[in-house]
Amino acid sequence: MKISYKWLKDLLKFDVSPEEASAYLTNCGLEVEGMELFETVRGGLRGLVIGEVLTCEEHPNSDHLHVTTVNVGAEEPLHIVCGAPNVAAGQKVVVATIGTTLYQGDESFVIKKSKLRGEPSEGMICAEDEIGLGTSHDGIMVLPEEAVPGTPAAQYFHIESDTIFEIGLTPNRCDAISHVGVARDLYAALMQDNRPCSPLILPNAPMVKPIANVTFRVDIAVENTRDCPRYTGLLFDNVKVGPSPEWLQTKLKSVGIRPINNVVDITQFIMLELGQPMHAFDADKIKGNKVIVKNLPEGTPFVTLDGNEVKLHSEDLMICNAEEGMCIAGVYGGLHSGITENTTRLFLESAYFNPVSIRKTAKRHGLKTDASFRYERGCDPSITVYAILRAAELVMELTGASPISEVMDYYPKKIDPAQITLFYEDVNKVAGKVIDKQTVSKILLMLGMEVHTSGEDQLMVTVPLNKADVTRPIDLIEEILRIYGYNNIEIPDILTYRLSNKAAQDSAYQLQVAISNYLSDNGFYEVMNNSLTKAEYAEKCDFLRAEETVRLLNPLSTELNAMRQTLLFGVLENVERNVNNRQANLRLFEFGKIYKLNTETNKGDDVVTRYQEEPHFVLCVTGKDSEDTWNRKAQDLDLFYLRNMVDNVLEKINFPTNRLQRLVDTPSRMFADHLSYMVGEEEIVTIGLLNASVLKAFGLKIPVYYAEFNYPALVRMVEDRKVNYQPIATHPAVRRDLALVVNREVTYEMLESIGYKYGSKLVKRISLFDVYEGDKVEAGKKSYALSFVLQHADKTLTDEEINKVMSKLVSAYEREVGAKLR
């Protein structure tokens, strides 16, 4: 939002520079993102002066150039070669001296001392188009006789300059959508800092009196009072549409608004000054002489002011006449009801519309206007009459019009301002210091609030309607602190921190911290993605149910129009972004919630039943484990690496891994190869290589490995497990190996499970160190080489005891899976 420094000075009398004003505004919550210089003429005519042509002679080496001497108020006249056909001695002209920059469109050039056909030239006598004062290039600009040589051209032509603040207005600051609103904050900030500043001077808006004996009238009817709680109108006759005066055009241009005509420019001026959008209708085009505020049927075509046709939504609020829509309320005017040069009767609108309705309509049709920017933040419903009277004064002054109606104000249910009880103790507690009670009251009063003392410890505050976001005591405290100045709140010497009881007792949180620390220590990076994503992902991926997608009613964009059903797509977006930036070696993890719609419920059902959210935890790896070095070649991050990390995470959190079943699954739409860890019928984690079709949607041609945990089950099972500690064994362990030939479908997990089940408590660890399939093993078979570590806590095992355990294991393998020793 653009705010003019000069315009602020018209409303307030203060002596701070633009740079100082920028700092005050930023410190009180209106962040100035940039400052730019505005000039009514580009370059401000710097370096140009008024001159008098003393002599003018034909150039000896040219038939169209003239050699002149020009008095520019200096000790010596300038010698200037001029090619204009109308240059003559005795003229008062505009001279660009050496070093002056002149602008031609987007290009510029600097005046230098030069020679033209052998004659020196020390400047340039200018035409009006060369300095931005007109479009004619028929000859040089000749000024009246009274012009004084040496006068700066900027002074002679009254060139104005201004500093424009670009303010990053947050959606909650509906009170600061105008110059008056910004001036109010600046006044409070300056007064709090004891800088001299006059009170805010609001423009005059006298009550209008309609001329008598006028039969033309327009009636107002509001059918949708929810979306239009207040509608104010005023009718004028004898309107003369034409260009706006220079002062008004300059005001609008300074903040980036293109002047159109005096009527439209007045409505723009009022919006920028007071924050109240207005709309001007040609009253003779209001069919049936009725203005009706209502909704039109779904799909009704409407042609906007720029000639584009839109199909209306049934919830779009419209300003209609007796037959058709004239304007999309608060958003965009219509093509056939606007002001033209032939307009003689004017109907002026000043209304308060429901911010939610305006925001949805503007979003639906992709129409972002200055009016919708303000309406959707929440305008002040109390100023519609004041704004229309302020506009009426300008309409009468600048167009010669006369009012032919009283102010028509439809306001059936008055909106009452909020009243909030504020305790001084709460202010001090939030601020972290004691703020004087008088200071608190003073700040609230400077911001336009009514303050009533209701005891030594509290205030009753009436909040004006321009602060729609201030509804709670904490909102009032925020208002106080931003004017008091966060920089005035000292940082304590001692910082104290108390871990909340909830965090200390929350086992899911503690588990997350333990896992995060472990993964970070092992080269993984945590990512945190938006819970909002594309609904298109679920629609195109057949491993998700699109009907379970939780869609947003009013999405910011099609990129963020649904809640995520999986963490997968956010992580793949991370991979895509990094790979595109030449960071292909990635180890990522994320904790986050997924969301689903319960399709067995109806719209009227309880929200908690209808919508489901569930915490999940994922790992993702791709590329290599490091960069190549002189003594080590980088290893690929593959399915075995990811599985090892999954196992390590489970061990780290003391998950009961002895209850796990590891099942190799067939390829799916999501995975080319994958493995599931099960406890009974419940899936704990799925690990796999993502399918090429999934990766293709993100432009990825490299293998990506992904693991997704059922985090609630993980938390539950870790919680249920009691950890027992015992001393480290002091007696030596013994290793024995077995090479078993089994059918090809037998997995290592099956052999490991049998080993722990039948190998007695002496078997402490089983591991696989070789798998072989080839000509030395019969077809349909494969050989597993297993290592067994045996140990007794209280004694050294004898050969007899070891052999007994190994014999028992061999018998178990023969019996359970038909294994043979190799």
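Data block above holds the structure.
This text gives an overview of the structure that appears in the document. Since we're looking at a predicted model, the values are computed, not measured. (Residues numbered from 1 in each chain as written. Predicted model: local features only at pLDDT ≥ 70, side-chain atom pairs only at ≥ 80, totals over all residues. Heavy atoms only, no water.)

**Regarding the side chain of Asp 227**
- Structurally, Asp 227 can be placed in the loop between strand S14 (219-222) and strand S15 (230-237).
- The class for Asp 227 is buried, based on a relative accessible area of 2%.
- Looking at Asp 227, its side chain comes within polar contact range of the side chain of Asn 224, at 3.1 Å.
- With sequence-adjacent residues up to four places away left out, Asp 227 is seen in contact with Leu 317, Tyr 352, Phe 353, Asn 354 and Ser 357. (Helix = DSSP H or I, 4+ residues; strand = E, 2+ residues; numbered from the N terminus. Buried < 20%, exposed > 50% of the residue type's maximum accessible area, 1.4 Å probe, protein only. Polar contact = N/O pair within 3.5 Å; in protein donor to acceptor, adjacent residues only side chain to side chain. Contact = heavy atoms within 4.5 Å.)

**So, the sheet that holds strand S41 (residues 820-821)**
- The sheet built from 4 strands is open, its strands ordered S39-S40-S38-S41 with antiparallel pairing. The open sheet is flanked by strand S39 (763-772) and S41, the only strands paired with a single partner.
- In the packing of helix H22 (residues 799-817) onto the sheet, contacts are made with strand S38 (734-743), S39, strand S40 (781-790) and S41, and the angle to S38 comes to roughly 15°. (Pairing = 2+ DSSP bridges. Axes fitted to C-alpha atoms, helices over the stretch in contact; angles between N-to-C directions.)

**Considering the packing of helix H5 (residues 246-254) against helix H6 (residues 262-274)**
- Running from N to C, H5 and H6 cross one another at 55°; their axes reach a closest spacing of 10 Å. As judged from the angle between their axes, H5 and H6 are oblique. Judged by the twist between their axes, the crossing of H5 over H6 is left-handed. Contacts from Trp 247, Leu 248, Lys 251 and Leu 252 in H5 reach Asp 265, Ile 266, Gln 268, Phe 269 and Leu 272 in H6.
- Tallied by class, residues from the contact of H5 with H6 come to 6 nonpolar, 1 polar and 2 charged. (Parallel < 35°, antiparallel > 145°, perpendicular 65-115°, else oblique. Left-handed = near helix turned anticlockwise from the far one by under 90°. Nonpolar A, V, L, I, M, F, W, Y, C, P; charged D, E, K, R; others polar.)

**A look at the sheet that holds strand S2 (residues 32-39)**
- Here we have 3 strands laid out as an open sheet, ordered S1-S13-S2, and antiparallel in their pairing. The open sheet is flanked by strand S1 (2-4) and S2, the only strands paired with a single partner. Adjacent strand axes in the sheet meet at a mean angle of 30° when their direction is disregarded.
- Note: S1 against strand S13 (residues 161-167), 3 bridges, orientation antiparallel. Among the inter-strand pairings, Ile 3 is bridged to a residue of S13, identified as Phe 165.

**Structural notes on the side chain of Ser 4**
- If you trace the backbone, Ser 4 turns up in strand S1.
- Owing to a relative accessible area of 2%, Ser 4 belongs among the buried residues under this scheme.
- In contact with Ser 4, other than residues within four places in its own chain, are Asp 162, Thr 163, Ile 164, His 179, Ser 254 and Val 255.

**Some points on the packing of aromatic side chains**
- Scanning the model with the defined rule gives 16 aromatic pairs in all.
- Measuring from centroid to centroid gives 5.4 Å for Tyr 537 and Phe 698, while their planes differ by 35°, and the two rings are tilted. With Tyr 537 in helix H15 (residues 535-540) and Phe 698 in the loop between helix H19 (692-696) and strand S37 (705-709), the pair connects residues that are 161 residues apart, well separated along the chain. In terms of burial, Tyr 537 and Phe 698 fall into one category: buried. (Phe/Tyr/Trp six-rings, centres within 6.5 Å; stacked < 30°, edge-to-face > 60°.)

**Considering the packing of helix H2 (residues 18-27) against helix H4 (residues 179-192)**
- For the pair H2 and H4, the least separation of the axes is 9 Å and the interaxial angle reads 95°. It follows from the interaxial angle that H2 and H4 lie roughly perpendicular. Between H2 and H4, the residues in contact are Ala 21, Tyr 24 and Leu 25 and Val 182, Leu 186, Ala 189 and Leu 190, respectively.
- Here the contact of H2 with H4 is composed, by residue class, of 7 nonpolar, no polar and no charged.

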